Amino acid sequence: MFSFLEKYTSPFKLNKAGIMGMNRRNISYIGRYNSRKLFPLVDNKLKTKRIAQQAGATVPELIGVISEQHSVPSIHEMVKDWPGFVIKPAQGSGGKGILVVTSNKDGVYKKPSGSEVSKQDVERHITNTLAGLFSLGGKNDVAVVENLIQFDDVFDGFSYEGVPDIRVIVFKGYPVMAMMRLSTAASDGKANLHQGAVGVGIDISTGKALRAVQFNRPIEHHPDTGRLLSELVVPHWELLLTLAASAWEMTGLGYLGTDMVLDKEKGPMVLELNARPGLAIQIANGCGLLPRLRHIEALGETATPTTPAERVAYVSKHFHGTNTPGHKY
């Protein structure tokens, strides 16, 4: 089978299909709609957590922060009463440096795969985090320790040994394209497409699966569980999209990616926000971003609905499946 982009053999055909490349993204959307002074709000996960909470959004519970090398051994006392936890760099990107511990019993840590992680390994991971090994620009960082998310039972079989998340591209407050990222054995329980997670394009109007890819190749079943991916339907879809749309008000960023999860008890949560979201979402959806971005631009400033809920209602009405009004593929 051929990947989505292999159908298009020239820049002209790519443009006609509405596929947005990195240069167009950087210049026409990130550069134009995202003020550089706002980047620290989303480049630092602690700042993102604070602004999301101030806006009334639910976020994963913070267990603690380790910011000094001499405090590294304190991690074991910090997490001793937590059955599972996640350690991540505050300024990491692309899923780098995230350590997920799903079992913590009598000081024995286990990853989603069931393999053990020694106390020394955990301390070494935090030391590397503080040194900036996983951070944007290699700058010194802090280690954020969060409670493990308990993903909704509706996703049983759709993800392997990890929490599935939902990426939504939000432009001028409108959610324009979405995908779900599902962990696999290849991705070591992480929802990272480059490491082998499955990307499932989600119909922005219904929350239902459109198509699925792994390593940019179309697939029909989850590679580890065998679950038919076309059966995936995201619950609480309107609420989740409204939360994503509100990231515009939270940050002031005109073009961003919102990463969310569905917790079994707390519902939709803001996991991260990204001022430079990747472009693989187009492959997962089987359509380009440009027609939808241009559609929103054509509305003009005066036509912008005032609330996140109104903007969600607008895209639910106008963006169905892979179609955008007025665009011919």
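Given the structure is predicted, the values throughout are model-derived calculations rather than measurements. (Residues numbered from 1 in each chain as written. Predicted model: local features only at pLDDT ≥ 70, side-chain atom pairs only at ≥ 80, totals over all residues. Heavy atoms only, no water.)

Student: Talk me through the confidence of the model for the protein chain; I want residue IDs and the actual numbers.
Tutor: The pLDDT averaged across the protein chain works out to 91; a share of 94% of its residues lies at or above 70. The spread of mean pLDDT over the elements of the protein chain runs between helix α1 (residues 11-16), the lowest at 66, and strand β10 (residues 198-202), the highest at 98. (pLDDT = per-residue confidence, 0-100. Helix = DSSP H or I, 4+ residues; strand = E, 2+ residues; numbered from the N terminus.)

Student: Quick rundown of the side chain of Asp141? Include the residues and the values.
Tutor: By the secondary structure assignment, Asp141 is in the loop between α6 (119-130) and β7 (143-147). The side chain of Asp141 is buried and forms no salt bridge, while Lys45, the nearest opposite charge, is found at 6.9 Å. Polar contacts involving the side chain of Asp141 include one to the side chain of Ser135, which spans 2.6 Å. Contact partners of Asp141, with chain neighbours within four places excluded, come to Pro89, Ala90, Gln91, Gly92, Thr129, Leu130, Gly132 and Ser135. (Buried < 20%, exposed > 50% of the residue type's maximum accessible area, 1.4 Å probe, protein only. Lys, Arg positive; Asp, Glu negative; His and termini not counted. Salt bridge = Lys/Arg side-chain N within 4 Å of Asp/Glu carboxyl O. Polar contact = N/O pair within 3.5 Å; in protein donor to acceptor, adjacent residues only side chain to side chain. Contact = heavy atoms within 4.5 Å.)

Student: Can you break down the side chain of Gln282 residue by residue, with the values?
Tutor: Structurally, the position occupied by Gln282 is in helix α9 (residues 281-285). The class of Gln282 is buried, set by a relative accessible area of 3%. In this structure the side chain of Gln282 is engaged in a polar contact, spanning 2.7 Å, whose partner is the backbone nitrogen of Met20.

Student: I'd like a rundown of the packing of helix α7 (residues 237-245) against helix α11 (residues 308-318), residues and numbers included.
Tutor: At their nearest, the axes of α7 and α11 sit 8 Å apart, and the two run at 120° to each other. Between α7 and α11, the interaxial angle falls into the category oblique. The two elements α7 and α11 meet at a crossing, and its hand is right-handed. For the pair α7 and α11, contact is made by Glu238, Leu241, Thr242 and Ala245 and by Pro308, Ala309, Arg311 and Val312, respectively. (Axes fitted to C-alpha atoms, helices over the stretch in contact; angles between N-to-C directions. Parallel < 35°, antiparallel > 145°, perpendicular 65-115°, else oblique. Left-handed = near helix turned anticlockwise from the far one by under 90°.)

Student: Tell me what's going on with the pairing of strand β11 (residues 209-214), and back it up with residues and numbers.
Tutor: Where β10 lies against β11, five bridges are found, and the strand directions are antiparallel. Counted as the bridge partner of Ile202 is Ala209 from β11. With antiparallel pairing between neighbouring strands as the criterion, β10 and β11 make up a hairpin whose turn holds six residues, including Gly207 at a positive phi of roughly 80°. Where β11 hands over to strand β12 (residues 217-219), the hairpin turn is made up of two residues, of which Phe215 adopts a positive phi near 50°. (Pairing = 2+ DSSP bridges.)

Student: Give me the lowdown on the packing of aromatic side chains, citing residues and values where you can.
Tutor: Scanning the entire structure with this criterion turns up seven aromatic pairs. Considering the side-chain rings of Tyr29 and Phe171, the 5.5 Å spacing of their centres and the 80° angle between planes classify their relative orientation as edge-to-face. Of this pair, Tyr29 sits in helix α2 (residues 22-33) while Phe171 sits in strand β8 (residues 165-171), placing them 142 residues apart in sequence. With a relative accessible area of 3%, Tyr29 lands in the buried category. (Phe/Tyr/Trp six-rings, centres within 6.5 Å; stacked < 30°, edge-to-face > 60°.)

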